[in-house]
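# Survey of secondary and tertiary structure
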Amino acid sequence: MDAGAEVLSELKINPEENNSLLQAIYERYIDLTDLNGQHTYSLHYKGGSLTRTGLSQRQTQNENSPPPISQNDIQISITTSPRKSVFASVSAVLSGKCLSTCGDCVDLENKCKNLMELDISNNLFSDWNEIRKLLNSLKRLKHLNLTSNKLANFNPSSESSDEETKVAKTIEYFNIEWPINENQILYDNLKTLVLNECFIDLRIIECLVSLLSGLNELHLSRNGYKNVNFSTNLRNQSVKVFYMSNNLLDNWNQVAKLGYGFPNLEQLVLSGNPLKNFEIEPSQDLEYLGEAKNSDLFKNLSILNINKIKIDQWSSIDALKYFPNLKHIRIHEIPLLENIKTEEEKHNLLVGYLDKNISYLNGSIIPAEFKETCERKFMRFFMDQEQKPARYFELEAKHGKLNRLADVNLDVGKTVYMKINYNDKSIFQNVKVKQNVGELKKSLENFVGVPSAKFRIFYIDKEAESTFGHDELKLSKTSLISLKLKNGDEFDICLKQTSPIKPIR
């Protein structure tokens, strides 16, 4: 064997056994590289187990033959280009790898010193001890995604017990085994924790967040929560962003408990819950809420996402005016607007109805002149209807009685109100959908300051749940109609990179 050859790892892989996080990191991110920047490893089949052996060795023109194969060994040699070393990585995605343990904590800490974002969703973690080890090993970790793991199955006692007993023992476990280390230091680096589809009792969540002193953002979507059973002792000051989408919350009193337990909330996402109003029932939850009002419980809330809830009355929206700092609202696909034909008309009616303190709707800013125009459109929409919402008479007192127009149909359907970003500046404008990408770029030349051939344009669907990048509009003949643009969507613009001119020799 060449003097530079060195066996760096030998990882046993058995498809019937659960892998560790460390092993998955080795396999996914840490390649074994030779001196020429190439990676050579072998797969061996021996007695029913598969072994991967990585060798770092010089490859010369005379070393083209594979390593020797014994009679009892089936071997495949593979040479690949190296992937990015985990030492330089700040994020890792290891979703759906059947992981259930961390592996060697010392090695994990040494190999992942720079790791700040970790996605281990859709795995088999069921032991909070493993999560504790993970947090203790990854000192710089800020974002942890544990979606669809089996942590609801955690039972600190070896004895079988009913659900209430298991919850009580789990809370006792956290109080005894956590904080993270022997110095009783709380883990304060973690800023975002994602526990979607984990179905963990909220009393355990309460205990957990009290131990993560730096937590700023908490995701608890798709967990089937109908009631919020936090205790009255919960007063978390650090969490400011809370995702509670696609649960079963149908009573605003349950949401009000979130405001009580997390008084510094600035952003609350409730999309997909069957909520019909935003009013606190004073006769319910007196021991928890007392006589508290939305203005007391949500005094810092500035962003509210209520897409796909069950509001069917205009009057239900009135309660939003009592949220003192609420500026941004996202509200799509609600029964109230299902009979309105176009997205533009829905947008205009909502802008006309909402209180003046709301400055953004579905991601789009509401300029003062546009607000007034929409208020008049709202009045004309209800002008000939027998049942008018109270807001109609408020606007009539403000604008006076309006004359009927020959055509009061808001169903224009030719433009979409969008935000367009370039560097540190943005504009808001109605974009014609009956044009192609080339025509759109041509119309933006004055805004960008260069010919359309010198910049790229990306479409951002603000309602898409995935956050893994934007779609570049590469084909100039693509019609904007085919993109199904919506009010509140955005375009991002960046200049094309130019290659430096090489001198002629």
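Keep in mind that this is a model prediction, so the values were computed, not measured.

## Observations concerning the pairing of strand β19 (residues 425–432)
Strand direction decides the pairing type here: strand β18 (residues 415–422) and β19, joined by eight bridges, are antiparallel. Across the sheet, Ile-420 pairs through a bridge with Ile-427, a residue of β19. The hairpin turn running from β18 into β19, its antiparallel successor, is two residues long, and Asn-423 in that turn takes a positive phi close to 55°.

## Some details on the nonpolar core
It is characteristic of soluble globular proteins that their nonpolar side chains tend to be buried jointly. In terms of nonpolar packing, the biggest core is built from 105 residues, with Leu-144 and Leu-195 touching the most fellow members. Examining the composition of this core, we find that seven residues originate from one element, helix α5 (residues 202–211), more than from any other. When neighbours within four sequence positions are excluded, Leu-144 is seen to be in contact with Leu-118, Ile-120, Ile-131, Leu-134, Leu-135, Leu-190, Thr-192, Leu-193 and Val-194. Val-416, Val-448, Ile-457 and Leu-480 belong to the second largest nonpolar core, which has 19 residues in total.

## Things to note about the sheet that holds strand β16 (residues 360–361)
Read across the open sheet, the eleven strands follow the order β6-β8-β9-β10-β11-β12-β13-β14-β15-β16-β17; overall the sheet is mixed. The open sheet has two edge strands, β6 (91–93) and β17 (364–365), and neither has a second partner. Bridge count for strand β12 (residues 241–243) against strand β13 (residues 267–269) is three bridges, and the pairing is parallel. Within β13, the residue paired with Phe-242 across the bridge is Leu-268.

## Examining the sheet that holds strand β22 (residues 490–495)
Spatial strand order, β19-β18-β22-β20-β21: five strands in an open sheet with mixed pairing. If you trace the sheet from one side to the other, it starts and ends with β19 and β21 (471–472), each paired once. Pairing of strand β20 (residues 455–460) with β22 involves six bridges; the strand directions are antiparallel. Bridge pairing in β22 places Phe-458 opposite Asp-492.

## Digging into the pattern of salt bridges
Enumeration according to the criterion identifies 19 salt bridges in this entry. Between Lys-401 and Glu-396 there is a salt bridge, with its nearest N and O atoms 3.1 Å apart. Salt bridges here are not isolated pairs; linked through shared partners, they connect Glu-375, Arg-391, Glu-394 and Lys-398.

## Considering the side chain of Asn-196
Positionally, Asn-196 belongs in the loop between β10 (192–194) and α5. Among the polar contacts made by the side chain of Asn-196, one reaches the main-chain amide nitrogen of Ser-221 at a distance of 2.8 Å. When neighbours within four sequence positions are excluded, Asn-196 is seen to be in contact with Thr-147, Ser-148, His-219, Leu-220, Ser-221, Arg-222 and Asn-223.

## Quick look at the side chain of Ser-221
Within the element layout of this structure, Ser-221 appears in the loop between β11 (217–219) and β12. One polar contact links the side chain of Ser-221 to the main-chain amide nitrogen of Ser-245, over a distance of 3.1 Å. With residues up to four places along the chain from it excluded, the contact list for Ser-221 reads Asn-196, Glu-197, Tyr-243, Met-244, Ser-245 and Asn-247.

## Quick look at helix α9 (residues 343–353)
Of all eleven residues making up α9, ten are buried, and the element is well covered by its neighbours. Listing the buried residues of α9 in full gives Glu-344, Glu-345, Lys-346, His-347, Asn-348, Leu-349, Leu-350, Val-351, Gly-352 and Tyr-353. Buried-residue contacts for α9 involve β16, β17, α10 (368–382), α11 (390–399) and β18.

## Looking at the packing of aromatic side chains
Counted under the stated rule, the structure contains 21 aromatic pairs. Plain terms: the ring middles of Tyr-422 and Phe-447 are 6.4 Å apart, the flat faces sit at 70° to each other, and that makes the pair edge-to-face. Of this pair, Tyr-422 sits in strand β18 while Phe-447 sits in helix α13 (residues 445–448), and the two are 25 residues apart along the sequence. The pair Tyr-422 / Phe-447 is uniform in exposure class, with both members buried. Put simply, the rings of Trp-128, Phe-154, Tyr-173, Phe-174 and Trp-178 touch in pairs and so form one group of aromatic residues. The ring of Tyr-29 has Arg-28 lying over it, and the distance from NZ or CZ to the ring centre is 4.8 Å. For Lys-257, the ring lying beneath its charged end belongs to Tyr-288, and the centroid distance is 5.4 Å.

## Quick notes on the confidence of the model for the protein chain
Residues with a pLDDT of 70 or more make up 78% of the protein chain, whose mean pLDDT is 82. When the criterion is pLDDT under 50, residues 32–66 qualifies, and its contacts beyond four places in sequence or with other chains add up to 89 contacts. Confidence drops under a pLDDT of 50 for residues 77–86, and excluding neighbours within four residues, the segment shows 29 contacts in the predicted structure.

Cut-off values and rules
- Residues numbered from 1 in each chain as written.
- Predicted model: local features only at pLDDT ≥ 70, side-chain atom pairs only at ≥ 80, totals over all residues.
- Heavy atoms only, no water.
- Pairing = 2+ DSSP bridges.
- Helix = DSSP H or I, 4+ residues; strand = E, 2+ residues; numbered from the N terminus.
- Core = buried A, V, L, I, M, F, W, Y, C linked by side-chain atoms within 4.5 Å.
- Buried < 20%, exposed > 50% of the residue type's maximum accessible area, 1.4 Å probe, protein only.
- Contact = heavy atoms within 4.5 Å.
- Salt bridge = Lys/Arg side-chain N within 4 Å of Asp/Glu carboxyl O.
- Polar contact = N/O pair within 3.5 Å; in protein donor to acceptor, adjacent residues only side chain to side chain.
- Phe/Tyr/Trp six-rings, centres within 6.5 Å; stacked < 30°, edge-to-face > 60°.
- Lys NZ or Arg CZ within 6 Å of the ring centre and 35° of its normal.
- pLDDT = per-residue confidence, 0-100.

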